[in-house]
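Listed here are the chains, written in short residue letters.
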Amino acid sequence: YYYCLILFSVSDIKSVVFVILSQENKYHLKQAENLTNDIIQQASIYYKVSRKSGLATHYMTKKQRLSTILLFTKIQSFFQYPNIASGFAVSRPLLTRLSERVNKITSSDFSIDISHELALFIWNKGGGLGFATRACIIMRTSELGDVVPKTSLFFAVKTCKKFHKDRVPVLKVTWVRHTTKIRFFSDEKDDSVPTINLGVPNTDQGHCGKTIEILRYITRKIRSDKDVRWIVLVDDDTILSKDVSRIQQLLTCYDASEEVALGERYGYNVHSFRGYNYITGGGGMVFSRPLLDKLAKDGVCECPSLNTPDDMFLGICIGKLGVSVTHSPFFHQARPVDYAPGYLETQVPVSFHKHWMINPIAVYRKWFADSDNSESTNVANHAHSEL
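What counts as what
Residues numbered from 1 in each chain as written. Predicted model: local features only at pLDDT ≥ 70, side-chain atom pairs only at ≥ 80, totals over all residues. Heavy atoms only, no water. UniProt positions renumbered as here; feature names shortened; annotations may be inferred. Pairing = 2+ DSSP bridges. Helix = DSSP H or I, 4+ residues; strand = E, 2+ residues; numbered from the N terminus. Axes fitted to C-alpha atoms, helices over the stretch in contact; angles between N-to-C directions. Contact = heavy atoms within 4.5 Å. Phe/Tyr/Trp six-rings, centres within 6.5 Å; stacked < 30°, edge-to-face > 60°. Buried < 20%, exposed > 50% of the residue type's maximum accessible area, 1.4 Å probe, protein only. Lys NZ or Arg CZ within 6 Å of the ring centre and 35° of its normal. Disulfide = S-S within 2.5 Å. 1 Å grid on protein atoms, 1.4 Å probe; cavity = no way out; pocket = protein on both sides within 12 Å on 5 of 7 lines; lining within 4 Å. Points joined across faces, edges and corners; volume = space filled by probe spheres on them. Nonpolar A, V, L, I, M, F, W, Y, C, P; charged D, E, K, R; others polar.

The name an unreviewed UniProt entry gives the protein chain is Fringe-like glycosyltransferase domain-containing protein, with Molorchus minor as the organism. According to UniProt, the comment filed for the protein chain under the heading Sequence similarities (unreviewed entry) is "Belongs to the glycosyltransferase 31 family."

Listed below in structure tokens is the structure:
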């Protein structure tokens, strides 16, 4: 994980509002609490501030407030504070450095990178919204615990007969060979993969019926395997990180005994009380074992139809269980070419999605295989078509 030092040209540290973005997960809420204490402690070195009467900090944890549009709508209201002149900081500030240099900032003062964890913006009073391309210094922390062992991860791949000889070979020569527990689920049994046919016919879209049956199958399969703590559900054109180590590292942040749904979060109609959040399936969906056990129970998550969008419907089911979807920016629903280069260069991605009009082997090599250059090239030039 990385955090950012945000520097502002202001005359007084009290004229900066630190906006702390958090999520309704124990890990993230603890990080937000630690960050608040850290801000107050550092600021107290130079200013008489306290939790009650010092720097302005604001928590945003409700699902509606996590919408980007709503977030910045809320931020505009922060400028009712009379002393706020310059803007706000997102992420972890180092106030000692900020205090020393607050009036000495120039674009050439130091080397700058953009945080891969959050998109950073500055809202200047009267100046509008801008992307803070020269706003932070990256710092690494060592707050993670022991890496989650591979034996604690169960991978499930959704595929169909059409892609047994097209997409599946790509997975097998890249990330799949580094897993210890994995199953391929299809509409046809194929011993060459091998695949498992759960008796659910393939659909051109949605795949809700297949997905729910996969989750139920996994629940039965791992019942006697106490080592499995996390379930990772992916598509057959999901490209995961080198030897799945980035997922292992990421999951050290989360408590496997809690009900956790992790991935790239999207929102549907979040401005309405009928809205909900969900994990986009293409980038990969990660479920803790306790949550999987609940989702797989009869009557808890029954698809309206076989071709209902599975990721969206799972979002509804998860919400009804009272569980918040946890967002990670390291999962990606799209291809690398679909993102701004400057955005991806500041990330340590966990996944990308789709083989359409790209060479997936080349994507894997560029983004994930820096310590794994032995993969076979016998499918490096194969072409792909997208549904």
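Here the narrative resumes, following the displayed structure.
1. Concerning the sheet that holds strand β8 (residues 153–158)
The seven strands are arranged β10-β9-β8-β11-β16-β13-β17 in an open sheet whose pairing can be described as mixed. In this open sheet, the two strands that pair with only one neighbour each are β10 (195–197) and β17 (325–327). Neighbouring strand axes in the sheet, compared pairwise and without regard to direction, differ in orientation by 25° on average. Two strands pair when backbone bridges link them, and strand β9 (residues 182–186) and β10 are joined in this way by three bridges, in the parallel orientation. Bridged to Ser186 within β10 is Asn197. Across the face of the sheet, helix α5 (residues 208–221) comes into contact with β8, β9, β10, β11 (230–235) and β16 (285–288) while running at roughly 150° to β8. With respect to the sheet, helix α8 (residues 310–320) is in contact with β8, β13 (261–263), β16 and β17, its orientation differing from that of β16 by roughly 30°.

2. As for the packing of aromatic side chains
What the rule picks out here adds up to 10 aromatic pairs. Relative to Tyr276, the ring of Tyr268 lies with its centre 5.4 Å away and its plane at 40°, an arrangement referred to as tilted. Look at Tyr276 and you get buried, because its relative accessible area is 14%. The cationic tip of Arg167 hangs over the ring face of Phe163; the distance from NZ or CZ to the ring centre is 3.6 Å.

3. Description of the state of the cysteines
Across all of its chains, the model carries two disulfides by this definition. The disulfide that involves Cys208 links it to Cys303, with 2.1 Å between the sulfurs. Taking the sign of the torsion about the S-S bond as the criterion, the disulfide between Cys208 and Cys303, at about -80°, is left-handed. Placement of Cys208 in helix α5 and of Cys303 in the loop between α7 (289–295) and α8 is noted, with a sequence separation of 95 residues between them. Judged by its relative accessible area of 1%, Cys208 is buried. The side chain of Cys301 participates in a disulfide bridge whose partner is Cys317; the two sulfur atoms lie 2.0 Å from each other. The S-S bond linking Cys301 to Cys317 shows a torsion near 85°; that makes this disulfide right-handed.

4. Some thoughts on empty space enclosed by the protein
Scanning the model with the defined rule gives two cavities of 30 Å³ or more in all. Of the volumes computed, that of the largest cavity is approximately 50 Å³. Every residue lining the largest cavity is listed: Phe185, Ser186, Asn197, Leu198, Gly199, Val200, Lys210 and Ile214. Mapped by element, the contributors of at least two residues to the lining of the largest cavity are β9 and α5. In terms of residue class, the lining of the largest cavity is made up of four nonpolar, three polar and one charged.

5. A word on α8
Since the α-helix turns once every 3.6 residues, residues separated by three or four places project in the same direction. The buried fraction of α8 amounts to eight of the 11 residues, a majority that puts the element mostly inside the structure. Of all the residues in α8, the buried ones are Asp310, Asp311, Met312, Phe313, Leu314, Gly315, Cys317 and Ile318. Positive backbone phi, approximately 80°, marks Gly322, located one or two places after α8.

6. Some thoughts on the pairing of β11
Moving residue by residue along a regular strand, the side chains alternate between the two faces of the sheet. Counted residue by residue, β11 has six buried out of six residues, so it is predominantly covered. Pairing of β11 with β16, which is carried by four bridges, proceeds in the antiparallel orientation. Across the sheet, residue Ile231 finds its bridge partner in β16, namely Phe287.

7. Focus: the side chain of His28
Here His28 lies in helix α1 (residues 26–43). On the basis of relative accessibility, which here comes to 14%, the residue His28 falls in the buried class. Setting aside its immediate chain neighbours within four residues, His28 contacts Ser22, Gln23, Tyr254 and Thr326.

8. As for unusual backbone geometry
At the junction of Val193 and Pro194, the peptide bond is cis and its omega measures out at -10° in the coordinates. Inspection of the secondary structure assignment puts Pro194 in the loop between β9 and β10. The backbone phi angle of His207 is positive, close to 60°, even though this residue is not glycine. Phi at Lys354 takes a positive value of approximately 90°, unusual for a residue other than glycine. Inspection of the secondary structure puts Lys354 in the loop between β18 (351–353) and α10 (360–367).

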